[in-house]
Amino acid sequence: MGIFSRRQTATVEQPAAAGRDPFAARSATAVATLDPALRALTGRWTIDRPHSRIGFSVRHAMVTTVRGAFTDYDSTLYFDGARPEESRADLVIRVASVDTGVEQRDAHLVGKDFFDARRHPEMSFRSTSTTQESAESFRMTGDLTIRDTTRPVELQLDYLGSVVDPFGYERAGFDGTTTIDRRDWGLVYNQRLEAGGSMVSEKVRLQFDISAIRSS
């Protein structure tokens, strides 16, 4: 398996036969295009924190974007390369580890206006289903819990490749993204601007840049 190997397979979808479930036909086509290299990745994995990023970005004052990340979290991943629908992920994040590069801003984020880390020290994501969209692209649905509020989210998840590194660790790379409305989780703090609009956007983009190591 080469580093960041990406094997694309061209397919032509046939019209669904009468009485046949078109969704099942599309699913069968997707499975047929599954990258064969993914089958070898079936098993349990752990996110390698020094080489990964659990991050977010949000528009600030309507004119710029603030980016941050959480540096302390636990992960349990299971990937099934033959049956992607069996894949699952659990992620528990300590919100006090938020880092935006500005100490004062980080202190505000962990306070009562936002995460309220003293009362709600952790947030979590637990997958509930996974579907394959193309040879190396998946959609993972799961429950995101922030401040004891749980709501479903969908992640767009792309396989980047795999490699055995110089230290003998088998690694696999994935990128995941989704956009949420923070108000759905009770994060409603804001300030209005004189010219109109908000100091902090309600829309937050979550970004998962994952380098996972196969668990022994």
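Reading the values: the criteria
- Residues numbered from 1 in each chain as written.
- Predicted model: local features only at pLDDT ≥ 70, side-chain atom pairs only at ≥ 80, totals over all residues.
- Heavy atoms only, no water.
- Helix = DSSP H or I, 4+ residues; strand = E, 2+ residues; numbered from the N terminus.
- Buried < 20%, exposed > 50% of the residue type's maximum accessible area, 1.4 Å probe, protein only.
- Contact = heavy atoms within 4.5 Å.
- Areas by Shrake-Rupley, 256 points an atom, 1.4 Å probe, with all protein chains shown as cover.
- Pairing = 2+ DSSP bridges.

A.B. asks: Provide a residue-level description of the overall build of the protein, including the pertinent values.
C.D. replies: Assigned secondary structure in the protein consists of 3 helices and 11 strands. With 216 residues in all, the protein has 44% of them scored as buried. Within the protein, residue pairs in contact and separated by at least 24 positions form 59% of the contacts whose partners lie at least 6 positions apart. When the accessible surface of the protein is summed, it comes to about 12,200 Å², and 51% of that surface belongs to carbon and sulfur atoms.

A.B. asks: Got a sec to walk through the pairing of strand S2 (residues 53-60)? Specific residues and values, please.
C.D. replies: As judged from the 7 bridges shared by S2 and strand S11 (residues 200-214), these two strands associate in the antiparallel manner. Across the sheet, residue Ile-54 finds its bridge partner in S11, namely Phe-208. As judged from the 7 bridges shared by S2 and strand S3 (residues 64-70), these two strands associate in the antiparallel manner. Note on S3: the bridge partner recorded for His-60 is Thr-64. Between S2 and S3, which pair antiparallel one after the other, the connecting turn spans 3 residues, and Ala-61 there sits at a positive phi close to 55 degrees.

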